[in-house]
Amino acid sequence: MFLTFNIIGQENIISGSVSDKEGNLLLGATIHWKNTTIGTVAFDGTFELSTSESSDTLIVSYVGFISYEDKVEATKDLKIILASNLSLEEFEVKDRRGSNYVSTLQTMNVEYIDEGELRKAACCSLAESFETNGTVDVMYSDAVTGAKEVKMLGLSGTYTQLLAEKRPLAKGLGSPHLFDYYPGTWVKGIQVSKGIGTVENGFDNIAGQINFDLAKPWEDDKIFLNTYVNSFGRVETNLHLNYPITDKWSMGFLLHGSGNRNNVDNNDDLFLDTPQKTLFNGLYRLFYRGDYLFSQFNFQYINGNTKSGQVNMGLDNPYIVNFDHERIDIYGKVGFVGFENPNKSIGLIYNLTNQKIDEEYGYLRPRDGNQDYGYANFIFKSKPGENSTITTGASVTYSDLNNNLGDFVYNIKEKQAGLFLDFSTDFVSNTKAPSDSEELVVTATDAPKEVSNTFLQNLGLITGLRIDNHNLYGLLVSPRLSLKYNFNDKTITRLNIGRGFKTPYVISENIGMLINNADIIVDQALDMESAWNMGVNFTKELKISGRTVSIIADVYHSLFENKIVMDLEQNSKEIHFYNQYGTTTSTYALLMANVQVNDRLRLKGAYKYNHYEIGFRSGNRIPPLFAKNRGLITVEYEFPRTNWDIHLSTQFVGKQLFPEHRGAPNTLDLTGHVGTTPAYQLFNIHINKKFTDRFEFYLGGENLGNFIQKNPIIDYENPFSDYFNASHVYGPTLGIRGYMGIKWTIK
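Predicted model only: the values in this text are computed from it and were never measured.

About the cut-offs
Residues numbered from 1 in each chain as written. Predicted model: local features only at pLDDT ≥ 70, side-chain atom pairs only at ≥ 80, totals over all residues. Heavy atoms only, no water. Core = buried A, V, L, I, M, F, W, Y, C linked by side-chain atoms within 4.5 Å. Buried < 20%, exposed > 50% of the residue type's maximum accessible area, 1.4 Å probe, protein only. Helix = DSSP H or I, 4+ residues; strand = E, 2+ residues; numbered from the N terminus. Contact = heavy atoms within 4.5 Å. 1 Å grid on protein atoms, 1.4 Å probe; cavity = no way out; pocket = protein on both sides within 12 Å on 5 of 7 lines; lining within 4 Å. Points joined across faces, edges and corners; volume = space filled by probe spheres on them. Nonpolar A, V, L, I, M, F, W, Y, C, P; charged D, E, K, R; others polar. Salt bridge = Lys/Arg side-chain N within 4 Å of Asp/Glu carboxyl O. Polar contact = N/O pair within 3.5 Å; in protein donor to acceptor, adjacent residues only side chain to side chain. pLDDT = per-residue confidence, 0-100. Phe/Tyr/Trp six-rings, centres within 6.5 Å; stacked < 30°, edge-to-face > 60°. Lys NZ or Arg CZ within 6 Å of the ring centre and 35° of its normal. Pairing = 2+ DSSP bridges. Axes fitted to C-alpha atoms, helices over the stretch in contact; angles between N-to-C directions.

Draft legend 1. Representation of the nonpolar core. Leu126, Phe130, Ile190, Ile210 and Phe212 are the most contacted members of the largest nonpolar core, which totals 49 residues. For this core, the secondary-structure elements that each account for two or more residues are β11 (148-152), β13 (160-164), β15 (187-194), β16 (208-214), β20 (276-289), β33 (547-562), β36 (584-596) and β37 (601-616). Residue contributions to this core peak at four residues, all from β37. Every residue in contact with Leu126, bar those within four places of it in the chain, is listed here: Leu162, Phe179, Tyr182, Gly184, Val187, Ile190 and Phe212. Formed by 32 residues, the second largest nonpolar core is a distinct cluster that contains Ile412, Ala518, Ile575 and Ala726.

Structure, rendered in structure tokens:
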């Protein structure tokens, strides 16, 4: 009854394998459509590639083999066998792209994270998938709830749009937990778009987009089991069940269960160091893949409880933090590609969500809420030229959020309707020019040959405009522009600029500040948040002493037209929210290098600098608990002939300013909460052993240096006093911890 359809405006897909006459897969073979820039690389000997409306001739090439060139039709099981080129004196050149890379083909600045990268950590949730990533930062919001906050370009994760297979996830009551709703084993790939994204997915995008792909029934194993346990009593199990009904119909179940019933209080402050949690999460997926029609229907149910604070401490009147949350998502896609003109396609994405919460922050702060959310996005795609694409459509959103925090009521009822137009082109002329993915054969007697190229042939453009009408905030205009220029196939620069908006959900997006007894005061009617974001990226791949080195440099600047300010410093007993005074700006710079030392050793280093000034009522200044400097170093090594691999990482976090404690009495102990925090480093290790194609074992350790923020809770002895506060957290509150797990598969 809920027949729904896959990938909006998507062309048909061809897939297959590339091997030699002996059946050995040719790892790294290149595949592309003749006379186009549409192509891919068969990193593991297999590939998937979208069809091209402008070419039906496929070219497959591999060094030392005769290239394959022939017309093909859309199919799912191409078996391409290349013959060895015996007329050449043979030599071998090996190179391997890492599991975390930035494409030189995309016009937008997109970082790709595939399954190989996700295996380098326990990846119990989507948030923990970024622990080895140089772009996205993960941190805790407070010392009690265990909630994690994701930051990008130095800005809070609320300014980043989170997409599940191009479907925007409903923000609001679920905002603090969205990354926990998707276990790491469910995720098969992540794309991180820095800066303003395209206009197709809505106006809710200032710092960038994080889109992740989930396991699909026809690609995933029939049965997959993952279990995990750590030294603090956290236990998780993930189970994938997939069944191909027919050659066109397939379905799958993704199941997750986790629990944590520890009673750890290592610092003797009578508060649990890590919360007790239980979570059940189930997703049912049904797909139809026809000749012209694609459908997808999904039903997801989430039910969880979190309890923390003074649990089982033997106190007569304990301070308890308790979360109960339930969420239902029904969503799907519809796509049709059967037009007489193959350059046209249409599609629809829809989503229905209901979320309920029942929370308690000590008996002084009960909180309950309910949110109904609906979303639909109709997209039409066409190709007016060989290398140009126009995407246009309309979307509507409805959200009814009711949120009560004791006597403080914050309800938002939103209705939005918008139109968008997106145009992209590669400016390639009709004259055939050698593409970057075509094979170049060089012998010892060959002289280098110059290839003429025009400026436009190296230029890519994406420009878009979105106009929305919002019942609360009126007309919202979102222009976007992205440019790229390829100096050659290994050197690229990009420019990105655009405008985005965000609805202020001040309670849900700041639950960490609820772990205190300060009064919450909204000083004025809060406007829509809006900002311009502009950025420059430079990506370069080069060879140094035979080693492949990729260098990425980013600079992004955000200029807020309006930002909702959370002011903690007017008075220690008050938290104020208001529209910014003056201006709010953020300047972010990233320098990252990846070095492939050899086939088995890979190094990565990243340094991030962020200057962030918020327009407080008292003037512009850096917000408290904000680190200007961050760094990351990772080392990956695969042991020869043993199927063991090891991943080491260290993160550096610079100094931060504590909030000022105006109005606090002199008798209040503020030790460890005044002035500047110390800089610190975190060390992690992950070891994986693959016994067979069906069974893996892993173990690891986190925070191996055992760095802990001392005294994370102010006035912990009096949790119902005016000055109790557990939100001033700058580092981990848990010390060294170990974990282990298994992965078992039936293919």
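Draft legend 2. Representation of empty space enclosed by the protein within the structure. Here the structure, examined in full by the defined rule, presents 15 cavities of 30 Å³ or more. Here the second largest cavity is characterised by a volume of approximately 710 Å³. Of all the secondary structure elements, the ones that give two or more residues to the lining of the second largest cavity are β17 (223-230), β18 (234-244), β19 (249-260), β20, β21 (293-309) and β22 (320-336). It is β19 that contributes the most residues to the lining of the second largest cavity, four residues altogether. By residue class, the composition of the lining of the second largest cavity is 13 nonpolar, 15 polar and 11 charged.

Draft legend 3. Just the pattern of salt bridges, in detail. Under the counting rule described, the total for this entry stands at 20 salt bridges. A salt bridge links Lys194 to Asp554; the shortest N-O distance between them is 2.5 Å. Residue Lys194 is located in strand β15, and its partner Asp554 is located in strand β33; the two are separated by 360 residues in the primary sequence. With respect to burial, Lys194 and Asp554 carry one shared label: buried. Salt bridges sharing partners connect three or more residues here, namely Asp137, Lys608 and Arg630.

Draft legend 4. Molecular detail of the environment of Asp523. Inspection of the secondary structure puts Asp523 in the loop between β31 (519-522) and β32 (529-544). Between the C-alpha atoms of Asp523 and Tyr578, which are 55 residues apart in sequence, the distance is 5.5 Å. Among residues more than four places away in sequence, those in contact with Asp523 are Gln570, His576, Phe577, Tyr578 and Arg617. Only 3.0 Å separates the side chain of Asp523 from the side chain of His576, close enough to count as a polar contact.

Draft legend 5. The arrangement of the confidence of the model for the protein chain in detail. With 91% of its residues at a pLDDT of 70 or more, the protein chain shows a mean pLDDT of 86. Counting contacts from residues 1-11, a segment whose pLDDT is below 50, to residues more than four positions away or on other chains yields 47 contacts. Below a pLDDT of 50 lies the segment residues 429-452, which in the model reaches 26 contacts outside its immediate sequence neighbourhood of four places, other chains included.

Draft legend 6. Inspection of the side chain of Arg367 at higher detail. Along the chain, Arg367 turns up in strand β24 (residues 366-385). For Arg367, a relative accessible area of 2% puts it in the buried group. At 3.1 Å, the side chain of Arg367 forms a polar contact with the side chain of Asn403. Apart from residues no more than four positions distant in its own chain, Arg367 is found in contact with Leu173, Ile357, Asp358, Glu359, Tyr361, Asn403, Asn404, Leu405, Ile507, Ser508, Ile511 and Leu514.

Draft legend 7. Spatial organisation of the packing of aromatic side chains. The tally for this structure, following the rule as stated, stands at 25 aromatic pairs. A ring pair is formed by Tyr159 and Phe560, whose centres lie 5.4 Å apart and whose planes are at 75 degrees; its orientation type is edge-to-face. Residue Tyr159 is located in the loop between β12 (155-156) and β13, and its partner Phe560 is located in strand β33; the two are separated by 401 residues in the primary sequence. Here the aromatic rings of Tyr485 and Phe487 are separated by 5.1 Å at their centres, their planes lie at 80 degrees, and the arrangement is edge-to-face. Over the ring of Phe560 we find Lys563, and its NZ or CZ is 5.8 Å from the ring centre. The cationic tip of Lys689 hangs over the ring face of Phe691; the distance from NZ or CZ to the ring centre is 5.4 Å.

Draft legend 8. Just the sheet that holds strand β6 (residues 68-71), in detail. The antiparallel open sheet is built from four strands, whose spatial order is β3-β2-β5-β6. Each edge of the sheet is formed by a strand with only one pairing partner; in this case those strands are β3 (39-42) and β6. With strand direction ignored, the average angle separating the axes of adjacent strands in the sheet is 15 degrees. In the sheet, strand β2 (residues 29-33) pairs with strand β5 (residues 57-61) via four bridges, with the strands oriented antiparallel. Within β5, the residue paired with Ile31 across the bridge is Val60.

Draft legend 9. Up close: the sheet that holds strand β7 (residues 78-81). In space, the three strands of this open sheet follow the order β4-β1-β7, with mixed pairing throughout. Looking at the sheet topology across the chains shown, the edges are occupied by β4 (46-50) and β7. The sheet shows a mean angle of 30 degrees between the axes of neighbouring strands, direction not considered. Examined bridge by bridge, strand β1 (residues 13-19) and β7 share four bridges and lie parallel to one another. By the bridge assignment, Ser17 is partnered in β7 with Lys79.

Draft legend 10. Region of interest: the side chain of Glu236. Within the fold, Glu236 resides in strand β18. A polar contact of 2.7 Å, which involves the side chain of Glu236, links it to the side chain of Arg234.

Draft legend 11. Examining the environment of Lys21 more closely. You can see Lys21 is positioned in the loop between β1 and β2. The contact partners of Lys21, leaving out residues within four places of it in the chain, are Ile81, Leu82 and Ala83.

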